[in-house]
Amino acid sequence: MGYFITFEGVEGCGKTTQIKLLSELLAARGIHAVLTREPGGCPIADKIRSILLDAENRALSPLTELMLYAAARSQHVTEVISPALEAGKIVLCDRFTDATLAYQSFGRGIDRGVIDTLNVQACQGVSPDLTILVDCDPQIGLARARQRIEATSGPREERFELEELAFHQRVRAGYQQLAVDQPERFLIIDGADTIEGIFATISTQVLARIPEALRAVC
Ligand SMILES: Nc1ncnc2c1ncn2[C@@H]1O[C@H](COP(=O)(O)OP(=O)(O)OP(=O)(O)O)[C@@H](O)[C@H]1O
Ligand SMILES: [Mg+2]
């Protein structure tokens, strides 16, 4: 099996920035990791992503939202993540199961047991070896995310950015709780630091954790 790293945290904390930097660093060392994201990561799941992140879809009910995430994940695991891990690759995924717990359980209040059941079904035995939580005050993250949305062309993926601040604070607290519950899997990073400062910690920690055997096959 390969090595599975997920990036988590509130909107705009810096996940996509950091995962790209890590992917580039690994590539420079001859390690070609699979870089993917949720929701999405393959054509069918990308179609579900556009429903989930479209700010026009205000009527999406919490349970519909949860099931769409599960459907997208099931497809993504089947088509991309499982085959890559079975081929012995390192997989870097921008959001995964912890996001569903943080947003749909801590944020929306859906019963945790329902989410755990759907996650187990969708993941088919796959689970992250390491989860990097970029912990950040949602006010800082939202301000960054809004700047990025304004500067980017194409569809405005901002359904979650439009949620009230209290929702994002519950999501942040949820992530912190998940990290406390599984300290051996989580690495918590201070998202208020600079891009360079955050990356220095992530790169050191990841390079120390990737098993030696994997570096050889990648
Ligand atoms: N540590 C940082 N300090 C200042 N700006 C940052 C930092 N990290 C990222 N940014 C900037 O903030 C914006 C959001 O960053 P990024 O897209 O990486 O966040 P994200 O966590 O992936 O957001 P989302 O949850 O919306 O996908 C980008 O414009 C990025 O350049
Ligand atoms: Mg992102």
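Please refer to the structure higher up on the page.
This text gives an overview of the structure that appears in the document.

Rules behind the numbers
- Residues numbered from 1 in each chain as written.
- Chains lettered and ligands numbered in written order.
- Predicted model: local features only at pLDDT ≥ 70, side-chain atom pairs only at ≥ 80, totals over all residues.
- Heavy atoms only, no water.
- Axes fitted to C-alpha atoms, helices over the stretch in contact; angles between N-to-C directions.
- Helix = DSSP H or I, 4+ residues; strand = E, 2+ residues; numbered from the N terminus.
- Parallel < 35°, antiparallel > 145°, perpendicular 65-115°, else oblique.
- Left-handed = near helix turned anticlockwise from the far one by under 90°.
- Contact = heavy atoms within 4.5 Å.
- Nonpolar A, V, L, I, M, F, W, Y, C, P; charged D, E, K, R; others polar.
- Buried < 20%, exposed > 50% of the residue type's maximum accessible area, 1.4 Å probe, protein only.
- Polar contact = N/O pair within 3.5 Å; in protein donor to acceptor, adjacent residues only side chain to side chain.
- Pairing = 2+ DSSP bridges.
- 1 Å grid on protein atoms, 1.4 Å probe; cavity = no way out; pocket = protein on both sides within 12 Å on 5 of 7 lines; lining within 4 Å.
- Points joined across faces, edges and corners; volume = space filled by probe spheres on them.
- Patch = residues over 30% accessible without salt bridge, like charges linked within 9 Å, V, L, I, M, F, W, Y side chains within 5 Å.
- Areas by Shrake-Rupley, 256 points an atom, 1.4 Å probe, with all protein chains shown as cover.
- Salt bridge = Lys/Arg side-chain N within 4 Å of Asp/Glu carboxyl O.
- Phe/Tyr/Trp six-rings, centres within 6.5 Å; stacked < 30°, edge-to-face > 60°.
- Lys NZ or Arg CZ within 6 Å of the ring centre and 35° of its normal.

Right, let's get into the packing of helix H1 (residues 15-28) against helix H8 (residues 195-209). Here H1 crosses H8 at 50°, and the two axes come no closer than 10 Å. One way to sum up the angle between H1 and H8 is to call them oblique. When you trace H1 past H8, the crossing you get is right-handed. Where H1 approaches H8, its residues Thr17, Gln18, Leu21, Leu22, Leu25 and Leu26 are matched on the opposing element by Ile195, Ile198, Phe199, Ile202, Ser203, Val206 and Leu207. In terms of residue class, the contact of H1 with H8 is built from ten nonpolar, three polar and no charged.

Our focus in this paragraph is the side chain of Arg95. Counting through the fold element by element, Arg95 comes out in the loop between strand E3 (90-94) and helix H4 (97-107). Look at Arg95 and you get buried, because its relative accessible area is 12%. There is a polar contact of 3.0 Å between the side chain of Arg95 and the side chain of Tyr103. Setting aside its immediate chain neighbours within four residues, Arg95 contacts Phe7, Glu8, Gly9, Val10, Glu11, Lys15, Glu38, Tyr103 and Tyr175.

The subject of this paragraph is the sheet that holds strand E1 (residues 3-8). Reading across the sheet, the five strands line up as E2-E3-E1-E4-E5 and stay open at both edges, with parallel pairing between neighbours. Each end of this open sheet is capped by a strand with a single partner; those strands are strand E2 (34-37) and strand E5 (186-190). Shown here is a sheet whose adjacent strand axes are inclined to one another by a mean of 20°, direction ignored. As judged from the five bridges shared by E1 and E3, these two strands associate in the parallel manner. Looking at the pairing, Tyr3 lines up with Ile90 of E3.

Another aspect to go through is the layout of surface pockets. Estimated volume of the largest pocket: approximately 1,100 Å³. What lines the largest pocket is a set of 43 residues, and nearest its centre among them are Lys15, Thr16, Arg49, Asp94 and Arg148. Of all elements in the fold, only H1, E2, helix H2 (43-53), helix H3 (62-86), H4, helix H6 (138-151) and H8 reach the threshold of two or more residues within the lining of the largest pocket. By residue number, the principal contributor to the lining of the largest pocket is H1, which donates six residues. Residues of the lining of the largest pocket, tallied by class, amount to 15 nonpolar, 13 polar and 15 charged. Looking at the second largest pocket, its volume works out to about 230 Å³. Along its surface, the second largest pocket is lined by 15 residues, and Thr97, Leu101, Asp116, Asn119 and Ser127 are the ones closest to its centre. Elements with a contribution of two residues or more to the lining of the second largest pocket: H4 and helix H5 (112-123). In terms of residue count, H5 provides more of the lining of the second largest pocket than any other element does, five residues in total. A per-class count over the lining of the second largest pocket returns six nonpolar, five polar and four charged.

Quick look at a nonpolar patch on the surface now. Where nonpolar side chains cluster on the molecular surface, the patch consists of Leu63, Met67 and Val114 and spans about 250 Å² of accessible area. The residue Met67 is located in helix H3 in this model.

Further remarks concern the packing of aromatic side chains. For any pair of aromatic rings, the description consists of the separation of the ring centres together with the inter-plane angle of the planes. Applying the stated criterion to the full structure yields six aromatic pairs. Relative to Phe160, the ring of Tyr69 lies with its centre 6.5 Å away and its plane at 50°, an arrangement referred to as tilted. Taken together, the residues Tyr69 in helix H3 and Phe160 in the loop between H6 and helix H7 (165-181) connect sequence positions 91 residues apart. Tyr69 sits in the buried class, given a relative accessible area of 11%. Measuring from centroid to centroid gives 5.4 Å for Tyr103 and Phe160, while their planes differ by 85°, and the two rings are edge-to-face. In this pair, Tyr103 is assigned in helix H4 and Phe160 in the loop between H6 and H7, connecting sequence segments 57 residues apart. Per residue, the accessibility class of Tyr103 equals that of Phe160, and both read buried. Taken together through their ring pairs, the aromatic side chains of Tyr69, Tyr103, Phe160, Phe167 and Tyr175 make up a single cluster. Directly above the aromatic system of Phe96 lies the positively charged group of Arg73, at a separation of 5.2 Å from the ring centroid.

Coordinates in, geometry out; function isn't part of it.
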